Amino acid sequence: GNSVRTLPNGDAFFPPMLKAVKNAKHTITFETFAFVDAPVTREFSDALAAKARQGVSVHMILDKVGSRKAGKDNIKLLRESGVALHFFHPVNYFFPQRSNNRTHRKILVIDGQTAFTGGAGFAHAWSGNAHSPKHWRDTQYEIRGPAVALFQKSFNENWQELTGTQLQGPSYFPSPAYPGTDRVQVLSDGPFDDTQSIAHSFLAAINGARESLLMEQSYFVPNSDFRQALLRAAARGVKIEVLVPNHLVDSKPTRYASQNHWSSFLKSGIRIYQYEPTMMHCKLLVADGRLSIVGSANLDNRSFFINDEINLHVDSPAFARDQTLMFRRDLREAREITLQNLPDVLAPAYKRFFARFIEMQL
């Protein structure tokens, strides 16, 4: 009963997100990792503050590390306007495990009826249309239907941790509407969730694939279990294609660690491409042209076992077809990595060597 809309790049996702905020009647819940002072961030701060002044209940969770450059003026405006804003896990060196746990979730819920999620944060890099190295390639998704309540529930988990209170009632959890036909599942977890549901869902998709796997991953650092699953899938004839960032990636160690495994992947028949125009920050997996996994989680240990994340699973051949077409468009601006040209793109050996020591934290 859900409807999921794909919004590639800032020019496509910031306007509907901002419009939804401005049209809110009762409640707004907002959680993100990166809220960095920039024109787009100030625009959202102004809109959220205006809604709070109008009597809309606005609740915000910003990660203290990812949003450390949110801008004092933005924070002051939001709080003085009545926005209930809390920072997630300020760094405390006496509790390193808790300090290492960041919220990487991307959640915006309007009136309990519309949700937005995906890979994007709020900074200048996410504006535009991936048209220059200063403007990143990323995707957000707009969700309507009963699944929205699960995004609200996920927000509520961290809200209760930070404030000791829960958001309840029909203004947050209205009777669900059924505006579409998409079958979806929402998964959120964190390091203190023993189920490790996001990691297991990725692994299940890889192990269950019989024909094809498409992956567009900004930080592709699969651990041993995932590497073996990918190699087994390739051995049973699954066509696997992976798109990763090039040297413009904002986290260099993830690229160095990832490259340590490219040779074995290429020898198994897995095809690897690197996106050339700008930083590619997408998180996408499509299995057998039917199951799509999108959201905030990267294919790395940090997303699986350290950060709080949220993902959306969509069981729809039509939706998967749209994601595949988007993947193919991105491939037109990518360079394929082969065993022949691999030496040309590999980072120096000493950088890849040292990346092995921190791979479990990436």
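1. A short note on the nonpolar core
In terms of nonpolar packing, the biggest core is built from 39 residues, with I28 and M60 touching the most fellow members. Secondary structure elements with two or more residues in this core: α1 (10–22), β2 (27–32), α2 (39–53), β3 (57–63), α3 (72–80), β4 (84–88) and β5 (107–110). For this core, the element with the most residues is α1, which contributes 6 residues. For I28, the contacting residues outside a window of four places in its chain are V21, L48, K51, V56, S57, V58, H59, L108, V109 and I110.

2. Things to note about α1
Across its 13 residues, α1 extends 18 Å between first and last C-alpha, which sits within 8% of the 18 Å expected from 1.5 Å per residue. Every buried residue belonging to α1 is among G10, F13, F14, P16, M17, L18, A20 and V21, and all of these are buried. Taken together, the buried residues of α1 touch β1 (3–8), β2, α2, β5, β6 (114–118) and β7 (139–144).

3. Concerning the pattern of salt bridges
With the rule as written, the count across this model stands at 12 salt bridges. Put simply, E241 and R328 hold a salt bridge, and the shortest N to O gap is 2.8 Å. Of this pair, E241 sits in strand β10 (residues 239–245) while R328 sits in helix α11 (residues 317–331), and the two are 87 residues apart along the sequence. Classification of E241 by relative accessible area gives buried; the value is 3%. R271 serves as the salt-bridge partner of E336, at 2.9 Å between the closest nitrogen and oxygen. Pair noted here: E336 is in strand β15 (residues 334–337) and R271 is in strand β11 (residues 271–275), with a separation of 65 residues, a long-range link. The class for E336 is partly exposed, based on a relative accessible area of 27%. When salt bridges with common partners are traced through the structure, they connect R5, E142 and R144 into a single cluster.

4. Details of the packing of aromatic side chains
By the definition in use, this model includes 17 aromatic pairs. Here the aromatic rings of F30 and F122 are separated by 5.0 Å at their centres, their planes lie at 45°, and the arrangement is tilted. Of this pair, F30 sits in strand β2 while F122 sits in the loop between β6 and β7; the two residues are 92 residues apart in sequence, bridging distant segments of the chain. Look at F30 and you get buried, because its relative accessible area is 1%. What makes F122 buried here is its relative accessible area of 4%. With a centroid separation of 5.2 Å and 80° between ring planes, the pair formed by F353 and F357 is classed as edge-to-face. Here F353 pairs with F357, and both are found in helix α13 (residues 349–358), just 4 residues apart, close to one helical turn. Classification of F353 by relative accessible area gives partly exposed; the value is 45%. According to the relative accessible area criterion, F357 is exposed, its value standing at 61%.

Reading the values: the criteria
Residues numbered from 1 in each chain as written. Predicted model: local features only at pLDDT ≥ 70, side-chain atom pairs only at ≥ 80, totals over all residues. Heavy atoms only, no water. Core = buried A, V, L, I, M, F, W, Y, C linked by side-chain atoms within 4.5 Å. Buried < 20%, exposed > 50% of the residue type's maximum accessible area, 1.4 Å probe, protein only. Helix = DSSP H or I, 4+ residues; strand = E, 2+ residues; numbered from the N terminus. Contact = heavy atoms within 4.5 Å. Expected span 1.5 Å × (residues − 1). Salt bridge = Lys/Arg side-chain N within 4 Å of Asp/Glu carboxyl O. Phe/Tyr/Trp six-rings, centres within 6.5 Å; stacked < 30°, edge-to-face > 60°.

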